[in-house]
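Analysis of the macromolecular model
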Amino acid sequence: NFIFKCRMLSLVFALLNLLFLYKIARFWHNFDASLLLSFGCLSLSPYFLEYSIDARPYSLCLLLLTIFIYKILDFEQRKGGGRIPKFTLFVVCFLLPSSHYLYGASALFIGLAHVLLTKSSRWVIFKIYMLAGLAFIAIHLSMFIEQQKFSNLLMMIAFPTFEMLGTYLLGFFSWEIA
């Protein structure tokens, strides 16, 4: 059945996410500690477990975000050498907002942090992210224009409204007392 296949695909993305989280932990820790961190951190999260078997794109979104962070760390470790690390950083930055509209904001802020905190050439990294954003807009421009005919442009595109973006950002600063 279709829903079962979607749930299995979501589970595959979740398992791949654990692999990339392990690879991120390997930048700083040995094999045992990396394995414990990657499986221990996410396996205890009820959201991760729920979204891993849900027939929605959240596992894919988290996977792309984890790959993006891994590619940034890999890029910095290699000191930006070569065309392949630059191209893979471009591709992941392009795909991230395509997966879910809020991940466009995540890509923007993580990309800006990378530009500001890099030890490589800031201009090169800025160009990579700028080209990824322009390519995303150029490819989706016809859809943006087409959706204006329905007078609800923001219903189907991958960009958030300013209200949704503000709510998303304020979620990081919400302080609830238990």
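Fair warning: this is a prediction, and the values are worked out from it, not measured in the lab. (Residues numbered from 1 in each chain as written. Predicted model: local features only at pLDDT ≥ 70, side-chain atom pairs only at ≥ 80, totals over all residues. Heavy atoms only, no water.)

1. Details of the confidence of the model for the protein
- Averaged over every residue, the pLDDT of the protein is 77; the share at 70 or more is 79%.
- At the level of individual helices and strands, the protein shows its lowest average pLDDT in helix α8 (residues 162–170), which scores 57, and its highest in helix α4 (residues 58–77), which scores 86.
- For the stretch residues 153–160, pLDDT sits under 50, and the model shows 21 contacts to residues farther than four places along the chain or on other chains. (pLDDT = per-residue confidence, 0-100. Helix = DSSP H or I, 4+ residues; strand = E, 2+ residues; numbered from the N terminus. Contact = heavy atoms within 4.5 Å.)

2. As for the nonpolar core
- Judged by nonpolar contacts, the single largest core of 25 residues is most densely connected at F68, L89, L96 and Y129.
- Among the elements of the structure, α1 (2–25), α4, α5 (83–99), α6 (102–117) and α7 (122–148) are those that each provide at least two residues to this core.
- In contact with L96, other than residues within four places in its own chain, are C61, L64, L65, F68, Y103 and A107. (Core = buried A, V, L, I, M, F, W, Y, C linked by side-chain atoms within 4.5 Å. Buried < 20%, exposed > 50% of the residue type's maximum accessible area, 1.4 Å probe, protein only.)

3. Focus: the packing of α1 against α4
- The interhelical angle for the contact between α1 and α4, taken along N-to-C directions, is 20°, at an axis separation of 8 Å. In terms of axis orientation, α1 runs roughly parallel to α4. Relative to α4, the crossing made by α1 is left-handed. Along the contact surface, α1 presents S10, F13, A14, L16, N17, F20, L21, K23 and I24, while α4 presents S59, L60, L62, L63, T66, I67, I69, Y70 and L73. (Axes fitted to C-alpha atoms, helices over the stretch in contact; angles between N-to-C directions. Parallel < 35°, antiparallel > 145°, perpendicular 65-115°, else oblique. Left-handed = near helix turned anticlockwise from the far one by under 90°.)

4. Brief notes about the side chain of T118
- Topologically, T118 is positioned in the loop between α6 and α7.
- Residue T118 is classed as buried on the basis of its relative accessible area of 8%.
- At 2.9 Å, the side chain of T118 forms a polar contact with the backbone nitrogen of S120.
- Setting aside anything within four residues of it in sequence, one finds T118 in contact with E76 and I125. (Polar contact = N/O pair within 3.5 Å; in protein donor to acceptor, adjacent residues only side chain to side chain.)

5. Some thoughts on the environment of M8
- By secondary structure assignment, the location of M8 is in helix α1.
- C-alpha of M8 to C-alpha of D54: the two residues are 46 residues apart in sequence and 8.7 Å apart in space.

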